[in-house]
Every structure is written in C-alpha cells, then in structure tokens.
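# Overview (structure and organization)
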Amino acid sequence: MKKNNIKIKQVMAGEKKISIVTCYDYSFARILNQSVIDIILVGDSLANVSLGLADTKEITIEEMLNHTKAVSRGAPDKIIIADIPYSGCQKKSSQPLEIAKRLIQAGADGIKIEWFKGCKKVIRKLVEKNIWVMGHIGLTPQTVHLLGGYKVQGKDKESADKLIKQAKLLQGLGVSSIVLECIKKDIAKQITESIDIPTIGIGAGKHCGGQVLVLYDLLGMYPNKMKFVRTFSNLSYQIKGAINLFDQAIKKETFPSNQESF
Ligand code: KIV
C-alpha cells in the first residue's frame, strides 16, 4: 500500500475544504512539504509554466516521470497526485495503466486524468487495479481544441447537463474526486451537490469541495494572469530585486567578501 493512502482518504472525507497546489521540482517541493497544503499536484501545466511549451499536449511521459520523482524527493510527507499526460492516452487503453503504475513508482500516491472520449474504459482499468484516480472535467486543456478554445464551460443548459452527466459517470466509475476547471459557479455548485465525492475547483467558484491553483500563478511568477487566479505573493518582483542586488554587488566588488572566500 502507498504511504499516503490513509491520508488521502482522511483528506477526501474530511469536513474541511481541500487545498491543492501544483509543483514540478525538488526545491519548491521541499518548501511545500513544510507547508500545510493538503495535496501536491504534479500537473501537466508543467509544459507551460516550467518548460515554456505552448500546449500541455507536448509534455512527454518521461518528463512527467522525472518531475514526479523530483517532487516526491522533496515532499515525502505530502500526498502527491500526478497527471497522466496526453501522450499517455493516445494508444491502446492499457497504456495509461502502465503509465499510472510508473508514476506511482516515481512517487505519486494517485493520478489525475482529464476527460476524453475513451476515458471511461481507462478509468475502469485504473480503479480495478486500486489506483487512486482524480477526474478532471470542464475546460480540459489536453482536448481544448474540441471545446472551441479556452472558454468558460457550462454556459448553456446542454453544456451544463453534459458536465453533470460526466461527473456522475466518473463517480460511478470509482474516481475519488473531480477537478472542475473553468465552469460557471452555479453549475459547479450543482455538480458538487449531485455527487458524493469532493469536487476541486479551478475557476469554478467557491462551492467546490476544494480548490487548486498553479504554484507559479499564486506566487505571482507567471505573467498571464487568468480571472480566477489570486496572487498571494509577488515573487517575480522579489526575485528580480535579488538578482539585481547580486549584479550590483559583483559590479561594486563587494561580493564575494573575505568571509565568503577560502
Ligand atoms: O496541470 C495542471 O496544473 C492542472 C490543474 C490546473 C488542475 O490540471
């Protein structure tokens, strides 16, 4: 049994709202390990915010595995969920199962999988193998081309009904929680009330069972601020300041000092 299986159950069944933040590397994972955050997500947003790729579809399985390993080295005490990347869902339906097993070997306690056409078969297989699965519906970046671009979901009755149906279906398949991304808050509320497992919102309003944000967004390190992001810090400014001080110290020959020399 994975180290954190009992912890996941406690967090998911608890009365309190669930807090999740993404993380992709060892140094940040060490800091998160000392924080009170409930869960770390090694999201495939890694593609955008860490690797500078335009599309999360471009992330490779090996990249997801390496970053999951790094995070798990830095945050041994935290529950870690890793995304199954787009490339992992393109071949036969047994492939995501193999990838999920590798992500778990790399240190993940569970996996997240975005909604796609063949996801039901895949999720059934994962749950059968006792793999802890988090679903993801609404604005699913891996298949954003099928949604007509980055748009808020659940705006009309047809789209709202579809989302509620997907959530119920995922619950029936045995997922343990569902990310609701960029969904109108009233629809997210309806989804949350129509299932027994927690919903985790990102741009889905306050009625979800928990919230997730991308680490660099909440730290104020990423320039493209979406409406739903709150920046809890301005690290970009602070980092620039520190780097400029370093440069000045070199130019003024105050660094390194005698104490900093051998
Ligand atoms: O990849 C990611 O970071 C995510 C979150 C935005 C939910 O899927």
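Presented here is a report on the structure given in the accompanying data block.

Rules used in this analysis
Residues numbered from 1 in each chain as written. Predicted model: local features only at pLDDT ≥ 70, side-chain atom pairs only at ≥ 80, totals over all residues. Heavy atoms only, no water. Near = heavy atom within 4 Å. Polar contact = N/O pair within 3.5 Å; in protein donor to acceptor, adjacent residues only side chain to side chain. Areas by Shrake-Rupley, 256 points an atom, 1.4 Å probe, with all protein chains shown as cover. Nonpolar A, V, L, I, M, F, W, Y, C, P; charged D, E, K, R; others polar. Phe/Tyr/Trp six-rings, centres within 6.5 Å; stacked < 30°, edge-to-face > 60°. Helix = DSSP H or I, 4+ residues; strand = E, 2+ residues; numbered from the N terminus. Buried < 20%, exposed > 50% of the residue type's maximum accessible area, 1.4 Å probe, protein only. Lys NZ or Arg CZ within 6 Å of the ring centre and 35° of its normal.

## Digging into the site of the ligand
Near the ligand you find Thr22, Leu41, Gly43, Asp44, Ser45, Asp83, Lys112, His136, Ile202, Val212 and Val214, and these make up its full shell. The separation between an oxygen atom of the ligand and a polar side-chain atom of Asp44 is 3.1 Å. Within the side chain of Asp83, an N or O atom sits 3.3 Å from an oxygen atom of the ligand. Summarising the interface, the protein chains cover 94% of the accessible area of the ligand, which totals 260 Å² for the free molecule. Class assignment of the residues belonging to the shell around the ligand gives a composition of four nonpolar, four polar and three charged.

## Regarding the packing of aromatic side chains
For the structure on display, the rule yields three aromatic pairs. With 5.8 Å between their ring centres and 70 degrees between their planes, Tyr24 and Tyr216 make a pair best called edge-to-face. Note that Tyr24 is positioned in the loop between strand S1 (18–22) and helix H2 (26–33) and Tyr216 in helix H9 (residues 215–218), a separation of 192 residues in sequence. Judged by relative accessible area, Tyr24 falls into the buried class, the value being 1%. With a relative accessible area of 11%, Tyr216 lands in the buried category. Judged by centre distance (5.7 Å) and plane angle (70 degrees), the rings of Phe246 and Phe255 are edge-to-face. Under the relative-accessibility criterion, Phe246 is labelled partly exposed at 45%. For Phe255, a relative accessible area of 36% gives the class partly exposed. Ring pairing ties together the aromatic residues Tyr24, Phe28 and Tyr216, which thus form one cluster. Its guanidinium or amino end placed over the ring of Tyr86, Lys57 lies 4.9 Å from that ring's centre, counting from NZ or CZ.

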